[in-house]
Amino acid sequence: MFGQIDPPHRLLMGPGPVNVHPRVLRAMAADMLGQFDPEMTGYMNQTMALYRHVFMTENRWTFLVDGTARAGIEAALVSLVEPGARLLVLRAGRFGLLLSEIAGRIGADIRTLDIPWGAVATRGQIEAAIVEHQPQVFAAIHGDTSTTMAQPLDGVGDICRRHGVLSYVDATATLGGMAVATDAWGVDVVTGGLQKCMGGPPGSAPITISDRAAAHIMARRHVEAGIRTAGSRDGARPRIGSNYFDLAMVMDYWSEQRLNHHTEATSMLYAAREAARIMVEEGLEARFARHRAAGAAMGAGLRAMGLTLYGQDAHRMTNVTGVHIPEGIDGEVVRTRMRAEFEIEIGTAFGPLAGKIWRIGAMGYNAMKHKVLITLAALEASLRAEGFSLPQGNAVDAARASYEAAS
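Owing to the predicted nature of the structure, the values given are computational and were not obtained by experimental measurement.

### With respect to the pairing of strand β4 (residues 109-114)
Consideration 1: Taken together, the 6 bridges between strand β3 (residues 86-91) and β4 define a ladder with parallel strand orientation. When the bridges of β4 are listed, Leu-88 appears paired with Arg-111.
Consideration 2: In the classification by handedness, the crossover that spans β3, the intervening helix α4 (residues 94-105) and the parallel β4 is right-handed.

### Observations regarding the UniProt feature "domain: Aminotransferase class V" (unreviewed entry) in the protein
Consideration 1: Under the feature "domain: Aminotransferase class V" (unreviewed entry), the UniProt entry names residues 33-346.
Consideration 2: As annotated, residues 33-346 comprises 41% helix and 15% strand, and the C-alpha atoms at either end are separated by 38 Å.

### Regarding the pairing of strand β8 (residues 166-170)
Consideration 1: Most of β8 sits inside the fold, with 5 of its 5 residues counted as buried.
Consideration 2: On β8, burial covers both faces: Leu-166, Tyr-168 and Asp-170 on one face and Ser-167 and Val-169 on the other are all buried.
Consideration 3: Sheet topology note: the strand β5 (residues 137-141)/β8 ladder contains 5 bridges and is parallel. Note that in β8 the partner of Val-137 across the bridge is Leu-166.
Consideration 4: Where β8 lies against strand β9 (residues 189-191), 3 bridges are found, and the strand directions are parallel. Of the residues in β9, the one forming a bridge with Tyr-168 is Val-189.

### Observations concerning the packing of aromatic side chains
Consideration 1: All chains considered together, the criterion is met by 6 aromatic pairs.
Consideration 2: With 6.3 Å between their ring centres and 85° between their planes, Phe-36 and Tyr-253 make a pair best called edge-to-face. Of this pair, Phe-36 sits in the loop between α1 (22-28) and α2 (38-54) while Tyr-253 sits in helix α9 (residues 247-254), placing them 217 residues apart in sequence.
Consideration 3: Accessibility expressed as a relative area gives 41% for Phe-36, which makes it partly exposed.
Consideration 4: Arranged with centres 5.2 Å apart and planes meeting at 70°, the rings of Tyr-244 and Phe-245 form a pair that is edge-to-face.
Consideration 5: On the basis of relative accessibility, which here comes to 39%, the residue Tyr-244 falls in the partly exposed class.
Consideration 6: Accessibility expressed as a relative area gives 16% for Phe-245, which makes it buried.
Consideration 7: Sitting over the face of the ring of Phe-350, Arg-94 holds its NZ or CZ atom 4.4 Å from the ring centroid.
Consideration 8: Above the face of the Tyr-365 ring, Lys-371 is positioned so that its terminal group lies 4.0 Å from the ring centre.

### A few points about the pattern of salt bridges
Charged atoms that come close allow side chains of opposite charge to pair.
Consideration 1: All chains considered together, the criterion is met by 23 salt bridges.
Consideration 2: The shortest N-O distance in the salt bridge between Asp-114 and Arg-91 comes to 2.7 Å. Separated by 23 residues along the polypeptide, Asp-114 in strand β4 and Arg-91 in strand β3 bring together distant segments of the chain.
Consideration 3: Overall, Asp-114 belongs to the partly exposed group, its relative accessible area being 44%.
Consideration 4: Residue Glu-274 is joined to Arg-277 by a salt bridge in which the shortest nitrogen-to-oxygen separation is 2.9 Å.

### Observations regarding the layout of surface pockets
Consideration 1: Volume-wise, the largest pocket comes out at about 450 Å³.
Consideration 2: Lining the largest pocket we find 27 residues, and of these Gly-16, Phe-95, Thr-145, Gln-195 and Lys-196 sit closest to its centre.
Consideration 3: Mapped by element, the contributors of at least two residues to the lining of the largest pocket are α3 (69-80) and α4.
Consideration 4: Considered class by class, the residues forming the lining of the largest pocket number 11 nonpolar, 9 polar and 7 charged.
Consideration 5: Mapped onto the domain boundaries, the lining of the largest pocket takes at least three residues apiece from domain 1 (21-280) and domain 2 (284-405).

### Points about the nonpolar core
Consideration 1: If you look at the biggest cluster of nonpolar residues, it comprises 90 residues, and the most contacted ones within it are Tyr-51, Phe-63, Phe-138 and Ile-209.
Consideration 2: Per element, the largest residue contribution to this core is 9 residues, and it comes from helix α10 (residues 266-282).
Consideration 3: When sequence neighbours within four positions are dropped, the list of residues in contact with Phe-63 reads Met-48, Ala-205, Pro-206, Ile-207, Ile-209, Leu-247, Val-250, Met-251 and Trp-254.
Consideration 4: Among the nonpolar cores identified, the runner-up in size contains 32 residues, and Ala-294, Met-305, Ile-329 and Tyr-403 belong to it.

So, how was this worked out
Residues numbered from 1 in each chain as written. Predicted model: local features only at pLDDT ≥ 70, side-chain atom pairs only at ≥ 80, totals over all residues. Heavy atoms only, no water. Pairing = 2+ DSSP bridges. Helix = DSSP H or I, 4+ residues; strand = E, 2+ residues; numbered from the N terminus. Right-handed = clockwise from strand over helix to strand, strands pointing away. UniProt positions renumbered as here; feature names shortened; annotations may be inferred. Buried < 20%, exposed > 50% of the residue type's maximum accessible area, 1.4 Å probe, protein only. Phe/Tyr/Trp six-rings, centres within 6.5 Å; stacked < 30°, edge-to-face > 60°. Lys NZ or Arg CZ within 6 Å of the ring centre and 35° of its normal. Salt bridge = Lys/Arg side-chain N within 4 Å of Asp/Glu carboxyl O. 1 Å grid on protein atoms, 1.4 Å probe; cavity = no way out; pocket = protein on both sides within 12 Å on 5 of 7 lines; lining within 4 Å. Points joined across faces, edges and corners; volume = space filled by probe spheres on them. Nonpolar A, V, L, I, M, F, W, Y, C, P; charged D, E, K, R; others polar. Domains from an automatic or database assignment. Core = buried A, V, L, I, M, F, W, Y, C linked by side-chain atoms within 4.5 Å. Contact = heavy atoms within 4.5 Å.

If you want it as structure tokens, here you go:
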């Protein structure tokens, strides 16, 4: 017999997932309800209202896709991009590459705007690529944790609308920690996840959809044979190529019709609802300021150790910091030491950055002063144990000073 699950209590200071807020864990322990129980549908409506605040939008179609953040990404792409239609993907890291990977599987005609890892695209580059390729959909990552850079999106929605292009943004890594200004950006579809700045567990993907994008998706609507009625009407455009990720059917389920599509992941809905409640209670600006302060303190502490941050300060995500592994130091040995001796996890890297940088997060429930200071102290001790010479105590002092300057 296997024993009862009893995981170590680790401080997760990598690029995600992070430690879950205790209120979210308690919410998940609440009892089940039937999916059409008035209490349950009431919670669904409340969740929609809460996530309009989180996404900074008035969009009616703001709800949850059941599954991890990637479920939201795939649902958005398969429901927006018709087979053979042209998709322009902004790629500046691993997760931009993921968008084209998913799009290739749904038969899209993929065009790319490739930017070096660690850089961001300008509005001029984006518009030039849209003019050149004339896509049906433009897709981008807001914060790519593989590079720890945040892509500026002001004005991007206007560019897309001016050229008759639908826009999609993956905000998995920034939702709840940086401003995801859906309406101000003018972006049509944005998806996120719970496991990073929202302070929840992986398993639910919040999504918001503009009326413009909703009309496009509903034009691809197909009602399942088993739930069709005499009044059911399909859309005139090609049917969405996935059943589970068919946003038209999921929208019918979240609408007043409550047309059955799947059994809602009840405990995950409770988690998503509570994570959003916590954010709204804290206040969006206060929450963004908390993440900015944690990220600035982390960066100050790392620099005080004599380490070099990766990427551009002007476009750095507030919640994940990339830092070069010192020459002669085995990054995995340091990560193992931090986990074994301090119960702290920091992140490794992907692709061309594998073995070259660590990615250290401070987000959601972990974007707290004491957790930043503890992480820096543990990293300093682990580096010293591996023979790296650095000034003792400077990292914590610099991070404390950064917090004082921000207060």
